[in-house]
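As a plain string of letters, each chain reads:
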Amino acid sequence: MLCPGPRPRNAAATRTAILDAARERFAAESYDDVGMRDIARDVGVDAALISRYFGSKDDLFLAALDSCGDGSALMQGDKGDFGRRVAHEIVFEPKKAEKLKGMSIMLRSIGSARAAEMVQTTCTARFFGPLEDWISGPDAAVRARLLAGTIMGMSISRELGGGSFDLDPAECERMRDRLAVILQGLIDN
């Protein structure tokens, strides 16, 4: 992903290009294997410019992770149809690239103690905390973790199958219906 020539001076475009390159790198390699110079080379800028825009590698990693979304779309809509809605999305809707990139960043970097700490802190603040509040009631923290684990596990399973579960349409419908009951049970307690 090398830049063919010098970049025109445009701070916003340069910052966006750096963030895009960082997202690609962190999604493809572990946190420990990604260097600021590699990202700078991908964009065609000096590594010092990355520090100027983002600060440290940790700050750039957090910005890349944050740019992939926070899962708030899960909490939009009526709680009463959450299971049906989300199960349908998991089984039938194509995954958005930014969601997959965020998941890849988390999975690739979990082996790094430093990155794992940042992922955990970010996920708690931006996803688990709001999800717990939205679910509310007894054991909301436990139910939020079970819900997230089920959704992530099913999403990873689908992607391992090339974007599908390799089931016929009737089996996919039965999977959606069973998954909807499981997810709704975690919402309803």
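Each chain carries its own residue numbering, running from 1 in the written order of its sequence. pLDDT decides what is reported in this predicted model: residues at 70 or higher carry local features, side-chain atom pairs at 80 or more are listed and counted, and totals for whole chains, interfaces and linings draw on all residues regardless. Computation of side-chain values covers all heavy atoms of the structure but excludes hydrogens and water.

Draft legend 1. Spatial organisation of the overall build of the chain. For the chain, the helix and strand inventory stands at nine helices and zero strands. N-terminal to C-terminal, the α/β element order of the chain is α-α-α-α-α-α-α-α-α. Principal-axis analysis of the C-alpha atoms gives the chain an extent of 55 × 40 × 30 Å. In the chain, the share of contacts with a sequence separation of at least 24, taken over all contacts with a separation of at least 6, comes to 70%. Here Asp and Glu are counted as negative and Lys and Arg as positive; His is not counted, and neither are the chain ends. Think of each charge as sitting on NZ of Lys, CZ of Arg, CG of Asp or CD of Glu. Averaged over its 25 positive side-chain charges, the chain has a centre that lies 4 Å from the centre of its 28 negative ones. Counting from the N terminus, the helices are the DSSP runs of H or I reaching at least four residues and the strands are the DSSP runs of E reaching at least two. Should any heavy atoms of two residues lie within 4.5 Å, those residues are considered in contact.

Draft legend 2. Highlighting the packing of aromatic side chains. A pair of Phe, Tyr and Trp rings is counted when the ring centres sit within 6.5 Å of each other, with Trp represented by its six-membered ring. The angle between the planes then sorts it: under 30 degrees is stacked, over 60 is edge-to-face, the rest tilted. A complete count under the given rule lists five aromatic pairs for this structure. Ring geometry for phenylalanine 26 and phenylalanine 61: centres 5.0 Å apart, planes at 85°, overall edge-to-face. Here the residue phenylalanine 26 occupies a position in helix 1 (residues 11-28), and phenylalanine 61 occupies one in helix 4 (residues 57-66), the gap between them amounting to 35 residues. Assigned by exposure class, phenylalanine 26 and phenylalanine 61 land together as buried. With a centroid separation of 5.3 Å and 65° between ring planes, the pair formed by phenylalanine 127 and phenylalanine 128 is classed as edge-to-face. Members of the aromatic cluster, joined through ring pairs, are Phe26, Tyr31 and Phe61. Its guanidinium or amino end placed over the ring of tryptophan 134, lysine 79 lies 5.5 Å from that ring's centre, counting from NZ or CZ. Directly above the ring of phenylalanine 128 sits arginine 145, whose terminal nitrogen or CZ lies 3.7 Å from the centroid. Think of it in three bands: with a 1.4 Å probe and only protein chains considered, a residue is buried below 20% of the maximum accessible area for its type, exposed above 50%, and partly exposed in between. The rule for a charge over a ring is simple: NZ of Lys or CZ of Arg within 6 Å of the ring centre, and within 35 degrees of the ring normal.

Draft legend 3. How the structure looks around the side chain of threonine 122. Take threonine 122: it is sitting in helix 7 (residues 113-135). Threonine 122 sits in the buried class, given a relative accessible area of 11%.

Draft legend 4. View of the packing of helix 8 (residues 140-160) against helix 9 (residues 169-188). All axes are obtained by fitting lines to C-alpha atoms, using only the stretch in contact for helices, and the reported angles, taken between N-to-C directions, cover 0 to 180 degrees. Contact geometry of helix 8 with helix 9 gives a least axis separation of 9 Å together with a crossing angle of 160°. Comparing the axis directions of helix 8 and helix 9 gives the class roughly antiparallel. Every pair of crossing elements has a handedness; the one defined by helix 8 and helix 9 is left-handed. On the side of helix 8, the interface is formed by Arg143, Leu146, Leu147, Thr150, Ile151 and Met154, while helix 9 contributes Met175, Leu179, Leu183, Leu186 and Ile187. Here the residues of the contact of helix 8 with helix 9 sort into nine nonpolar, one polar and one charged. Roughly parallel means an angle under 35 degrees; roughly antiparallel, over 145; roughly perpendicular, 65 to 115; everything else is oblique. In this scheme, a crossing is called left-handed if the near helix is turned counterclockwise away from the far one by less than a right angle; it is called right-handed if the turn is clockwise. When residues are grouped by polarity, Ala, Val, Leu, Ile, Met, Phe, Trp, Tyr, Cys and Pro land in nonpolar, Asp, Glu, Lys and Arg in charged, and all others, Gly among them, in polar.

Draft legend 5. Spotlight on the environment of isoleucine 182. Following the sequence through the fold, isoleucine 182 ends up in helix 9. With relative accessibility at 48%, the residue isoleucine 182 sits in the partly exposed group. Separated by 46 residues in the primary sequence, isoleucine 182 and serine 136 place their C-alpha atoms 17 Å from one another.

Draft legend 6. Layout of the packing of helix 1 against helix 3 (residues 47-54). Following both chains from N to C, one finds helix 1 and helix 3 inclined at 100°, their axes separated by 11 Å at the closest point. Viewed along their axes, helix 1 and helix 3 adopt a mutual orientation that is roughly perpendicular. Residues Ala11, Thr14, Arg15, Ile18 and Leu19 of helix 1 form the contact with helix 3, whose own contacting residues are Leu49, Ile50, Tyr53 and Phe54.

Draft legend 7. Layout of helix 9. To estimate the expected span of a helix, subtract one from its residue number and multiply by 1.5 Å. Taking 1.5 Å as the rise per residue, helix 9 with 20 residues should run 28 Å; its terminal C-alpha atoms sit 28 Å apart, in good agreement. Of the positions making up helix 9, those classed as buried are Cys172, Met175, Arg176, Leu179, Ala180, Leu183, Gln184, Leu186 and Ile187. Along helix 9, the residues classed as buried sweep out an arc of 160° about the axis, all on the same side. Facing away from the buried side of helix 9, by more than 90 degrees, are the exposed residues Arg178, Val181 and Asp188. The inward-facing, buried residues of helix 9 abut helix 5 (82-92), helix 7 and helix 8. The term polar contact refers here to a pair of N or O atoms within 3.5 Å; inside protein, the definition further demands a hydrogen-donor-capable atom paired with an acceptor-capable atom, and it admits residues adjacent in sequence only when both atoms are side-chain atoms. The opening residue of helix 9 is aspartate 168, an N-cap whose side-chain oxygen sits 3.0 Å from the backbone nitrogen of alanine 170. Backbone geometry just downstream of helix 9 places asparagine 189 in the positive-phi region, at approximately 70°. In this context, the arc is that of the directions from the helix axis out to the C-beta atoms.

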